[in-house]
Amino acid sequence: MELYSERLYLLYALCLADSGQLKTVEDAPRSDMLEAATFLACLVTVNAIKHLGRTPHDEIDDTEALSVYQAFAMLVFVYLILPLQQEGEVPDIPTGAVMIGRSLFAELPPESLAECLESGDRKFQLIGNAKHEHWMAFREDMDKAVIAFVITGTDDDAPFDKEELIPVFSTMLNQLCEAFEN
């Protein structure tokens, strides 16, 4: 595989097949990178949330917690799509944010979803613009974890499996939860 977009699409198809949504990888619909990246960002986020023993459904009335999940998913999404710029493809980040929010919080009424998206975006912007060494290291670690997820999910010779990265993502999500609780 030469192009990052091919690797990202393969990971998307493999994850769809793993989840039972496809019989084989070859059955994957040829979708755009926005759909692939939002699906993968949601998948990583939901698995990280579950690994922490939480569910968005249990926290449906806690907009603050949900907005942290939204911000986390957006971080994963952005690090998934950044390499696409080298191929001349730039998925729409605001549309991705809405797609992620609708996927993660499908049972929220529209006004609560809008509040969650807005609060999550503020958190995402704070993390992305922070100059403090802790946040800079956090962003670097997130970038490494996301790229490792893509590589391990698409390379048969990878030294570990993509599922082994879920505890890493869970730890990072927990750090965000703690940071925004204070």
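Please refer to the structure placed before this passage.
Definitions and limits used
Residues numbered from 1 in each chain as written. Predicted model: local features only at pLDDT ≥ 70, side-chain atom pairs only at ≥ 80, totals over all residues. Heavy atoms only, no water. Helix = DSSP H or I, 4+ residues; strand = E, 2+ residues; numbered from the N terminus. Rg over C-alpha atoms; globule rule 2.2 N^0.38 Å. Expected span 1.5 Å × (residues − 1). Buried < 20%, exposed > 50% of the residue type's maximum accessible area, 1.4 Å probe, protein only. Contact = heavy atoms within 4.5 Å. Core = buried A, V, L, I, M, F, W, Y, C linked by side-chain atoms within 4.5 Å. Phe/Tyr/Trp six-rings, centres within 6.5 Å; stacked < 30°, edge-to-face > 60°. Arc of directions from axis to C-beta. Salt bridge = Lys/Arg side-chain N within 4 Å of Asp/Glu carboxyl O. Disulfide = S-S within 2.5 Å. Axes fitted to C-alpha atoms, helices over the stretch in contact; angles between N-to-C directions. Parallel < 35°, antiparallel > 145°, perpendicular 65-115°, else oblique. Left-handed = near helix turned anticlockwise from the far one by under 90°. Nonpolar A, V, L, I, M, F, W, Y, C, P; charged D, E, K, R; others polar.

Colleague: Lay out the overall build of the protein chain with the relevant residues and their values.
Modeller: On a plain count of helices and strands, the protein chain comes out with seven helices and zero strands. Secondary structure elements of the protein chain occur, N-terminal to C-terminal, as α-α-α-α-α-α-α. For a compact globule of 182 residues, the expected C-alpha radius of gyration is about 16 Å, and the protein chain comes in at 16 Å, within 12% of that figure. Dimensions of the protein chain, computed from the C-alpha atoms along their principal axes, are close to 45 × 35 × 35 Å.

Colleague: Mind laying out helix 6 (residues 133–154), listing which residues take part and the relevant values?
Modeller: Across its 22 residues, helix 6 extends 32 Å between first and last C-alpha, which sits within 8% of the 32 Å expected from 1.5 Å per residue. Inspection of helix 6 places Trp 135, Phe 138, Arg 139, Met 142, Ala 145, Val 146, Ala 148, Phe 149, Val 150, Thr 152, Gly 153 and Thr 154 among the buried residues, and these make up the whole buried set. Contacts made by the buried residues of helix 6 are with helix 1 (4–18), helix 2 (33–51), helix 3 (63–81), helix 5 (110–129) and helix 7 (166–181).

Colleague: Tell me what's going on with the nonpolar core, and back it up with residues and numbers.
Modeller: Counting 58 residues, the largest nonpolar core has Phe 72, Phe 77, Leu 80, Met 142 and Phe 169 as its most contacted members. Broken down by secondary-structure element, the contributors of at least two residues to this core are helix 1, helix 2, helix 3, helix 4 (93–104), helix 5, helix 6 and helix 7.

Colleague: Any chance you could break down the packing of aromatic side chains for me, citing the residues and the numbers?
Modeller: Going through the model one piece at a time under the given rule, you end up with six aromatic pairs. Centre to centre, the rings of Tyr 12 and Phe 39 are 5.4 Å apart; their planes meet at 75 degrees, and the pair counts as edge-to-face. Remark: Phe 39 occurs in helix 2 and Tyr 12 occurs in helix 1; sequence separation between them is 27 residues. Take Tyr 12: its relative accessible area is 3%, and that puts it in the buried class.

Colleague: I'd like to hear about helix 4, residue by residue, with values.
Modeller: The terminal C-alpha atoms of helix 4 lie 16 Å apart, and with twelve residues this matches the ideal 16 Å at 1.5 Å per residue to within 8%. Among the residues of helix 4, Gly 96, Ala 97, Ile 100, Gly 101 and Leu 104 are the ones counted as buried. Buried residues in helix 4, looked at end-on, bunch into an arc of 130 degrees, giving them a common side. Exposed side chains of helix 4 directed beyond 90 degrees from the buried face belong to Pro 94, Arg 102 and Ser 103. Looking at the buried positions of helix 4, the neighbouring elements they touch are helix 2, helix 3 and helix 5.

Colleague: Give a description of the pattern of salt bridges that names residues and reports values.
Modeller: Going through the model one piece at a time under the given rule, you end up with four salt bridges. Where Asp 18 meets Lys 162, a salt bridge forms, and the shortest distance between an N and an O atom there is 3.0 Å. Taken together, the residues span a long stretch of sequence, with Asp 18 in helix 1 and Lys 162 in the loop between helix 6 and helix 7 at a distance of 144 residues. Taking relative accessible area as the criterion, Asp 18 reaches 55% and is therefore assigned exposed. Residue classification places Lys 162 among the buried positions, given a relative accessible area of 8%.

Colleague: Mind laying out the environment of Lys 123, listing which residues take part and the relevant values?
Modeller: For Lys 123, the location among the structural elements is in helix 5. On a C-alpha basis, the gap between Lys 123 and Glu 64 in space is 10 Å, while along the polypeptide they are 59 residues apart. Lys 123 has contacts with Glu 64, Ser 67, Val 68, Ala 71 and Phe 180, leaving out every residue within four places of it along the chain.

Colleague: I'd love a proper account of the state of the cysteines, names of residues and values included.
Modeller: Taken as a whole and assessed by the stated rule, the structure comprises zero disulfides. Here Cys 42 stays unpaired: no disulfide links it, and the sulfur of Cys 116, its closest cysteine neighbor, is 12 Å away. Cys 177 carries a free sulfur, and the closest cysteine sulfur to it, the one in Cys 116, is 12 Å from it.

Colleague: Describe the packing of helix 6 against helix 7, and please don't skip the residues or the numbers.
Modeller: Here helix 6 crosses helix 7 at 150 degrees, and the two axes come no closer than 10 Å. In terms of their interaxial angle, helix 6 and helix 7 are classed as roughly antiparallel. Regarding helix 6 and helix 7, the two cross each other, and that crossing is left-handed. Across from Trp 135, Phe 138, Asp 141, Met 142, Ala 145, Val 146 and Phe 149 in helix 6, the residues of helix 7 making contact are Val 168, Phe 169, Met 172, Gln 175, Leu 176 and Ala 179. Residues that form the contact of helix 6 with helix 7 fall into these classes: eleven nonpolar, one polar and one charged.

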